[in-house]
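# Working through the structure, step by step
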Amino acid sequence: MCLWDEVRAWDARRIHVAAHNHRDPAHPLRSAGRLRALHLCEYGAQTMAVHGGLRARAAGGRAKPGLLVALRGIALHVARIDDLPGVLECHAEVLTDGDAGWQYAFRIVHGDALLAEGRAAVMLQATLPEGEGRAASPGS
């Protein structure tokens with residue numbers, strides 16, 4: 001599932017993406033016919049993933065898989081987004097960037113209206129050499 005339809009601009013520190021799919025009745029995150037503002041956290045997290053992939057490709061590699069481990073300072077300024085006409089846009093910026101993970105700040109807007117803002121952290125997973133299975137998880 002990829003929620004963003006287009007990358008409008010990006011550089012090593014920032015990304016600007018847009019989506020038109022929030023009004024789609026078949027949107028994968030809809031429940032009871034609605035797409036709630038809480039789902040903007042997933043939009044924010046996917047912005048990080050898109051940016052990480054673009055940065056890795058620009059460096060000649062592939063992005064490591066990651067796991068969203070924290071959301072902080074989240075502010076939702078609407079209750080739902082499925083009834084908004086037009087495009088959603090996200091502006092995200094790298095706050096920390098390391099071998100073990102990333103932290104981004106993101107803002108999601110609809111026109112001039114701020115819908116959601118916050119920070120998200122991703123822990124990057126070590127990639128295994130090709131042909132090796134997954135490591136056993138603790139307790140297995």
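Residues numbered from 1 in each chain as written. Predicted model: local features only at pLDDT ≥ 70, side-chain atom pairs only at ≥ 80, totals over all residues. Heavy atoms only, no water.

### Some words on the layout of surface pockets
Heads up, the condition is: Cavity: a set of points on a 1 Å grid over the protein atoms alone where a 1.4 Å probe fits but cannot get out. Pocket: an open set with protein on both sides within 12 Å along at least five of seven lines, its lining residues, like those of a cavity, having an atom within 4 Å of a point. Grid points are joined across faces, edges and corners, and a volume is the space filled by probe spheres set on the points. Only DSSP runs of H or I covering at least 4 residues are called helices, and only runs of E covering at least 2 are called strands; the numbering of each starts at the N terminus. Polar here means any residue outside two lists: the nonpolar Ala, Val, Leu, Ile, Met, Phe, Trp, Tyr, Cys and Pro, and the charged Asp, Glu, Lys and Arg; Gly therefore counts as polar.
Empty space within the second largest pocket amounts to approximately 200 Å³. If you go around the second largest pocket, you meet 16 residues; those closest to its centre are Ala 45, Ala 49, Gly 66, Trp 102 and Val 122. Counting only elements with at least two residues in the lining of the second largest pocket, the list comes to helix 1 (40–58), strand 3 (66–76) and strand 6 (113–124). Counting residues per element, the lining of the second largest pocket draws most heavily on helix 1, which supplies 7 residues. Residue composition of the lining of the second largest pocket, grouped by class: 10 nonpolar, 4 polar and 2 charged.

### Thoughts on the sheet that holds strand 5 (residues 101–110)
Selection criterion: Strand pairing is assigned whenever DSSP identifies at least 2 bridges connecting the two strands. Every axis corresponds to a line fitted to the C-alpha atoms, with the helix fit spanning only the stretch in contact, and the corresponding angles, defined between N-to-C directions, vary from 0 to 180 degrees. When checking whether two residues touch, look at their non-hydrogen atoms; a contact exists if any pair is within 4.5 Å.
Taken together, the 6 strands give an open sheet; going across it, the order is 1-2-4-5-6-3, and neighbouring strands pair in antiparallel fashion. Whereas interior strands pair on both sides, the edge strands pair on one side only; in this sheet they are strand 1 (6–10) and strand 3. Neighbour to neighbour, the strand axes of the sheet diverge by 25 degrees on average, direction disregarded. Alignment of strand 4 (residues 88–97) against strand 5, held across 8 bridges, turns out to be antiparallel. Bridging from a neighbouring strand, Ala 92 pairs with Phe 106 of strand 5. Contacts from helix 1 reach strand 1, strand 2 (14–19), strand 3, strand 4, strand 5 and strand 6, with the element oriented near 125 degrees to strand 5.

### Thoughts on the pattern of salt bridges
Going by this rule: The term salt bridge refers to a side-chain nitrogen of Lys or Arg lying within 4 Å of a carboxyl oxygen of Asp or Glu. With a 1.4 Å probe rolled over the protein chains alone, any residue whose accessible area is under 20% of its type maximum counts as buried; one over 50% counts as exposed, and the rest are partly exposed.
The final tally for this structure, using the stated rule, is 5 salt bridges. Between Asp 82 and Arg 80 there is a salt bridge, with its nearest N and O atoms 2.5 Å apart. Accessibility expressed as a relative area gives 7% for Asp 82, which makes it buried. Connected through shared salt-bridge partners, Glu 6, Arg 8 and Glu 89 make up one network.

### Focus: a nonpolar patch on the surface
For clarity, the threshold we go by: Residues enter patches when they are more than 30% accessible in relative terms and free of salt bridges; like-charged ones are connected within 9 Å and nonpolar ones (Val, Leu, Ile, Met, Phe, Trp, Tyr) within 5 Å. Note that accessible areas follow from Shrake-Rupley with a 1.4 Å probe, and for residues the cover is restricted to the protein chains shown.
Together, Leu 38, Leu 68, Leu 71, Ile 74 and Leu 76 make up an exposed nonpolar region whose accessible area comes to about 400 Å². Tracing the chain through its elements places Leu 38 in the loop between strand 2 and helix 1.

### Some thoughts on the confidence of the model for the protein
Spelled out, the test is: The quantity called pLDDT is the predictor's confidence in a given residue, expressed from 0 to 100.
Mean pLDDT over the protein works out to 91, with 90% of the residues at or above the 70 mark. Every residue in residues 133–140 is under pLDDT 50, and counting partners more than four places away or in other chains gives 3 contacts.

### Description of the environment of Ala 37
Secondary-structure assignment places Ala 37 in the loop between strand 2 and helix 1. Considering only alpha carbons, one finds Ala 37 and Val 78, 41 residues apart in sequence, at a separation of 6.2 Å.

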